[in-house]
Each structure stands twice: as C-alpha cells, then as structure tokens.
Amino acid sequence: MSTPEQARAVVEQALQEGCTVAILVPCYNEEITVGKVVDDFRREIPAADIYVYDNNSSDRTSQVAAEHGAIVHFEGRQGKGNVVRQMFREIDADYYVMVDGDDTYPAEAVYELLAPLVLQRADMTVGDRLSNGTYGEENDRAFHGFGNNLVRWLIKAIYGYAFDDVMTGYRAFNRVFVKTMPVQSAGFQIETELSIHAVDKRWRVVDVPIVYRDRPEGSESKLSTFGDGAAVLMAIGRLFKDYKPLAFFSLIAAAFFVLGLVAGIPVVVEFAHTGLVPRLPTAVLALGLVFIAVLVLSCGLVLDTVAKNGRRDYELQVMREYDRLPKR
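Residues numbered from 1 in each chain as written. Predicted model: local features only at pLDDT ≥ 70, side-chain atom pairs only at ≥ 80, totals over all residues. Heavy atoms only, no water.

Draft legend 1. View of a nonpolar patch on the surface. A surface patch of nonpolar side chains, amounting to about 330 Å² of accessible area, comprises Phe-257, Leu-261, Ile-265 and Val-269. Tracing the backbone shows Val-269 in helix H11 (residues 245-274). Val-269 sits in the partly exposed class, given a relative accessible area of 41%. (Patch = residues over 30% accessible without salt bridge, like charges linked within 9 Å, V, L, I, M, F, W, Y side chains within 5 Å. Areas by Shrake-Rupley, 256 points an atom, 1.4 Å probe, with all protein chains shown as cover. Salt bridge = Lys/Arg side-chain N within 4 Å of Asp/Glu carboxyl O. Helix = DSSP H or I, 4+ residues; strand = E, 2+ residues; numbered from the N terminus. Buried < 20%, exposed > 50% of the residue type's maximum accessible area, 1.4 Å probe, protein only.)

Draft legend 2. The packing of helix H1 (residues 4-16) against helix H5 (residues 110-118), seen in detail. Where H1 contacts H5, the two axes come as close as 8 Å, and the packing angle between them is 60°. On the basis of their axis angle, the class for H1 and H5 is oblique. Considering only the axes of H1 and H5, their crossing is left-handed. In this structure, H1 contributes Pro-4, Ala-7, Arg-8, Val-10, Val-11, Glu-12 and Ala-14 to the contact, and H5 contributes Tyr-111, Glu-112, Leu-114, Ala-115 and Val-118. Each residue belonging to the contact of H1 with H5 can be placed in one class, and the counts come to nine nonpolar, no polar and three charged. (Axes fitted to C-alpha atoms, helices over the stretch in contact; angles between N-to-C directions. Parallel < 35°, antiparallel > 145°, perpendicular 65-115°, else oblique. Left-handed = near helix turned anticlockwise from the far one by under 90°. Contact = heavy atoms within 4.5 Å. Nonpolar A, V, L, I, M, F, W, Y, C, P; charged D, E, K, R; others polar.)

Draft legend 3. Structural context of the nonpolar core. Judged by nonpolar contacts, the single largest core of 41 residues is most densely connected at Val-21, Ile-23, Phe-41, Ile-45, Val-110, Leu-114 and Tyr-170. Secondary structure elements with two or more residues in this core: H1, strand E1 (21-27), helix H2 (34-44), strand E2 (49-54), helix H3 (61-67), strand E4 (95-98) and H5. By residue number, the principal contributor to this core is H5, which donates seven residues. Dropping the residues within four chain positions of it, Ile-45 is found in contact with Leu-15, Val-21, Ile-23, Val-110, Tyr-111 and Leu-114. Of all hydrophobic cores here, the second largest spans 38 residues; its members include Val-84, Met-98, Phe-163 and Val-183. (Core = buried A, V, L, I, M, F, W, Y, C linked by side-chain atoms within 4.5 Å.)

Draft legend 4. Geometry of the pattern of salt bridges. Under the definition given, this model contains 25 salt bridges. Salt-bridge contacts for Glu-44 lead to Arg-43; the nearest nitrogen and oxygen are separated by 3.3 Å. With relative accessibility at 10%, the residue Glu-44 sits in the buried group. Put simply, Arg-8, Glu-12, Lys-36, Asp-40, Arg-43, Glu-44, Asp-103, Glu-108 and Arg-213 are held in one network by salt bridges that share partners.

Draft legend 5. Molecular detail of the sheet that holds strand E3 (residues 71-74). Taken in spatial order, the seven strands of this open sheet run E3-E2-E1-E4-E6-E5-E7, and their pairing is mixed. Bordering the open sheet on either side are E3 and strand E7 (205-209), each of which pairs with just one other strand. Adjacent strand axes in the sheet meet at a mean angle of 20° when their direction is disregarded. Pairing of E4 with strand E6 (residues 171-174) involves four bridges; the strand directions are antiparallel. Looking at E6, one finds that Val-97 is bridged to Ala-172. The sheet strands contacting H2 are E1 and E2, and the helix crosses E2 at an angle near 165°. Across the sheet, helix H4 (residues 80-90) is in contact with E1, E2, E3, E4 and E6; its angle to E1 comes to roughly 155°. (Pairing = 2+ DSSP bridges.)

Have a look at this one:
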C-alpha cells in the first residue's frame with residue numbers, strides 16, 4: 001500500500017464485508033504494559049477481537065488484560081513458541097495480527113500489516129524495525145542487533161531470501177498460513193521458525209517498516225541474549241536439516257571427503273613412487289573417512305526424497321484449507 005490511509009480504507013472495507021481479525025498477544029509478566037497494548041489496538045481497530053495469552057505470569061498480567069477488555073486465555077507450557085502454537089490452534093479468524101505485550105510496537109501500523117493480506121499480495125507480513133533505524137536508536141541491549149543480522153545472513157545464505165527483520169514480534173497472517181503452520185519451537189525461536197517456514201513453503205512475504213520504541217521504565221525483557229540466541233541458531237540448523245536435507249548432509253559429506261583426501265593423498269603419492277603402503281593405518285583412516293562421506297551423502301539423498309514428499313503433502317493440505325475458506 002502506498003499510504004496508511006489507503007491501507008486503512010482497504011481493511012475497513014473488508015471488515016464491513018464480514019471479515020474477522022484477531023489480535024494475538026502472548027504475555028509473560030507484562031502487567032505494566034499489557035493494558036496499554038490492549039487499549040491501543042482497541043482504539044485503532046475496534047472491530048478486532050483481542051486475545052491475551054498469559055504464559056504463567058507471576059504478576060497481574062491476566063487481570064489487567066481482562067480489565068481492559070481483552071479475551072484472556074492461559075497457556076501452562078512455558079515458552080513463546082508454545083503460546084503461539086496454542087493460539088494458532090484455538091483462534092478462528094480470517095486474519096491474524098501477532099504482537100508482543102511489551103508496548104514496543106505501534107498499533108497504528110496494524111492496517112499497513114493487514115492490507116497486503118486483504119489484497120492477497122501476501123500471506124505473512126513482517127513489522128520491520130530495522131530499515132528506518134528506530135530499533136538501533138531505541139534498543140540498548142548489547143548484541144541484539146548483531147544477532148538479528150547474523151540470523152538474517154544465515155537465512156539469506158541457506159534459502160536465498162533476505163528478510164529486513166527476522167526477529168520482530170509484530171507480524172500478520174492470513175488464515176491458511178496459520179492453520180497449516182506446524183509450530184515446533186517452544187521458545188523465542190518461533191519468529192525464526194515462522195520466517196524460515198514462510199520462505200521454504202514459498203508463501204508470499206511483505207516487509208512493512210514500523211517505528212519501534214523501547215520498553216517503558218520498569219518493564220524488563222524476558223529474552224536472554226546468549227541463551228535464546230544459541231537456541232535460535234540451533235533452530236536454524238534443525239530446520240535446515242529438515243527442510244533441505246540434501247544440502248545439509250552434502251556439506252557434512254564434503255567435510256569428511258576433504259579429510260579423507262588430506263589423509264589419503266600422501267599415501268597415494270608414496271605408493272606411486274615406491275609401490276609400497278608403509279602407512280597402512282593412515283590408508284585405512286582415509287578410506288574410512290571417504291566411506292563415511294558416501295554414507296552421509298546417501299542419507300541426504302534418501303531424506304531429500306522424504307522432504308519432497310512432505311512438501312507435496314503440505315501443498316495438498318494447503319489446498320484443502322483454501323477450499324474451507326468462506327466464499328465472499
């Protein structure tokens with residue numbers, strides 16, 4: 001959309017025609033900010049249903065959310081990924097907006113996130129905090145920017161798609177994307193998983209620049225820079241293995257093959273000159289490394305066939321979900 005006003009007009013027209021929007025707010029100890037988040041979205045898009053999922057908060061998050069008019073649910077399994085999984089399972093709507101309950105994302109951008117979905121130009125929209133520089137100005141937590149850039153680079157290198165912002169918690173989705181999304185992550189890896197899933201399954205993605213603001217005084221981030229950062233990197237590796245097994249195992253096979261060459265070439269050269277193999281253990285080691293490389297590559301070929309079959313079944317599942325959409 002070219003302007004916020006045009007985006008608002010498109011979404012309001014869809015709402016008048018009977019489309020439904022759900023605002024999904026995962027929360028853990030957000031008593032200070034959740035009331036304002038609910039109020040802001042109620043002001044901006046009064047027709048939407050606002051759901052706050054309390055993930056074992058020890059403060060008054062759920063009470064404050066209910067007092068401000070949100071529909072409150074509880075999720076006992078700790079972790080944002082677990083919350084998002086349950087949200088996607090339980091909530092029915094035509095369009096979904098997921099936003100953190102920490103009051104760092106502008107409710108005013110909700111129409112710009114929703115409009116590409118309504119116009120069927122996107123299946124997922126991503127609230128991009130980085131392009132306009134506001135995240136770098138507002139966020140004072142060390143290494144967060146570096147971590148985001150590292151994840152963006154890895155996804156670009158593996159999947160060939162350059163996200164403007166991978167780790168943002170402000171996104172919107174259409175119904176088919178949500179109802180076919182196999183959430184596997186338990187924690188803060190969920191944003192990375194959503195991004196990689198969208199690219200791997202060839203969903204249409206649109207980045208929407210937003211203005212980011214840091215948490216208000218007294219509100220604390222639940223993100224562990226190094227612990228959750230390591231979990232995100234492990235999730236990228238796991239999804240790389242699951243979604244692109246041939247490429248994943250080919251890299252491992254290549255490493256073993258190179259080691260085999262390093263160990264074996266001197267033995268071959270010596271045999272060519274003398275006709276003898278005096279370093280028999282080294283020769284056995286070289287053959288073993290090359291054999292492992294062939295075995296690993298074979299595993300990659302088999303799993304690649306399995307992954308392609310899984311992708312075919314997923315496409316059929318998506319088609320069935322499209323058939324269930326109401327005709328308007």
